[in-house]
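Residue-level listing of the chains:
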Amino acid sequence: GKWLLLSMQQTIYDYPSVWHVDLDTVKLKKVVPSQPSVWQWFADSSGVVRTGIGRTKNRRWVLYRKDGDSRFERIVNVKASDKEASGEIDNIVLVSGSDQGYLVSNARTGRFGLYRYDIAQDEIGETVFEHPTVDIDYIDIADDGSIRAIHYVDDRRRIEWLDPELKVIQEQIDNAIPDRMNWIISRSRDHERMIVWTSTAS
């Protein structure tokens, strides 16, 4: 890519702002100013920052805008003791041009799982993936904002592919290199080549 978004505190007395970083020049441009008690910012699949999560000891609220030209509005303001509001939010994934997306939260089970999420209503929808004993570690997001894979650790590192093509490729790799842990760690843009990391359990 040519640029990235960086959430950063300018001083220890500030809440995080969001900056656009040009990777050729390393010049920074502030795209979202800080907001009181807002520590988390989330962008959609096109790179537009559309959501912020604010927290105090007893309250959580959601700042939201439909697109990059709109102003942020506080659309949800709930007590921390309310149902499904006391959990932590680890990640929000929004699709460009939509209020729908995904949420990584531990509100339902006490463990971090992945759920469908209506950001405009702050409603957690159907479960995409929950593990019965451990948190998910992180999610692999495709360029179109869809979820490609879910990573977690139980007795070892594991990956749950939601992308059907990569799920088949993973099975082919595991059959070709049996009794080892095999990880697809990089793939070319034309999908013709990939780098696979492989190791024994020890």
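Everything quoted here is computed from the prediction, not taken from an experiment. (Residues numbered from 1 in each chain as written. Predicted model: local features only at pLDDT ≥ 70, side-chain atom pairs only at ≥ 80, totals over all residues. Heavy atoms only, no water.)

Draft legend 1. Structural view of the overall build of the protein. A count of helical and extended segments in the protein gives 1 helix and 16 strands. Seen through its C-alpha atoms, the protein measures out along the principal axes to roughly 55 × 45 × 35 Å. Classification of the 202 residues of the protein by burial places 35% in the buried group. Contacts in the protein between residues at least 24 apart in sequence constitute 24% of all its contacts with a sequence separation of at least 6. Split by element, the accessible area of the protein, about 12,300 Å² in all, is 47% carbon and sulfur. Separation between the mean location of the 27 positive side-chain charges and that of the 32 negative ones in the protein comes to 5 Å. (Helix = DSSP H or I, 4+ residues; strand = E, 2+ residues; numbered from the N terminus. Buried < 20%, exposed > 50% of the residue type's maximum accessible area, 1.4 Å probe, protein only. Contact = heavy atoms within 4.5 Å. Areas by Shrake-Rupley, 256 points an atom, 1.4 Å probe, with all protein chains shown as cover. Lys, Arg positive; Asp, Glu negative; His and termini not counted. Charge placed at Lys NZ, Arg CZ, Asp CG, Glu CD.)

Draft legend 2. Region of the structure containing the pattern of salt bridges. Taken as a whole and judged by the stated rule, the model has 10 salt bridges. The partner of lysine 66 in a salt bridge is aspartate 99, and the shortest N-O contact between them spans 3.2 Å. In this pair, lysine 66 is assigned in the loop between strand 6 (59-64) and strand 7 (73-79) and aspartate 99 in the loop between strand 8 (89-94) and strand 9 (100-105), connecting sequence segments 33 residues apart. By relative accessible area, lysine 66 is classed as exposed at 51%. Two residues, aspartate 155 and arginine 158, come together in a salt bridge whose shortest N-O distance is 2.6 Å. One connected set of salt bridges, linked through shared partners, spans Asp44, Arg50, Lys66 and Asp99. (Salt bridge = Lys/Arg side-chain N within 4 Å of Asp/Glu carboxyl O.)

Draft legend 3. Up close: the confidence of the model for the protein. When pLDDT is averaged along the protein, the result is 88, and 94% of the positions lie at 70 or above. Here strand 7 stands out as the least confident element of the protein, with mean pLDDT 73; strand 2 (residues 17-22) is the most confident, with 97. (pLDDT = per-residue confidence, 0-100.)

Draft legend 4. Local environment of the sheet that holds strand 12 (residues 136-141). Taken together, the 3 strands give an open sheet; going across it, the order is 12-13-14, and neighbouring strands pair in antiparallel fashion. Looking at the sheet topology across the chains shown, the edges are occupied by strand 12 and strand 14 (157-161). Pairwise comparison of adjacent strand axes, ignoring direction, gives a mean angle of 20 degrees for this sheet. Strands strand 13 (147-153) and strand 14 of the sheet are contacted by helix 1 (residues 164-176), whose axis makes an angle of about 135 degrees with strand 14. (Pairing = 2+ DSSP bridges. Axes fitted to C-alpha atoms, helices over the stretch in contact; angles between N-to-C directions.)

Draft legend 5. Layout of a nonpolar patch on the surface. Residues Leu4, Leu6, Leu23, Val26 and Leu28 make up a contiguous nonpolar surface patch of about 410 Å² in total accessible area. Here leucine 6 falls in the partly exposed class, since its relative accessible area comes to 33%. (Patch = residues over 30% accessible without salt bridge, like charges linked within 9 Å, V, L, I, M, F, W, Y side chains within 5 Å.)

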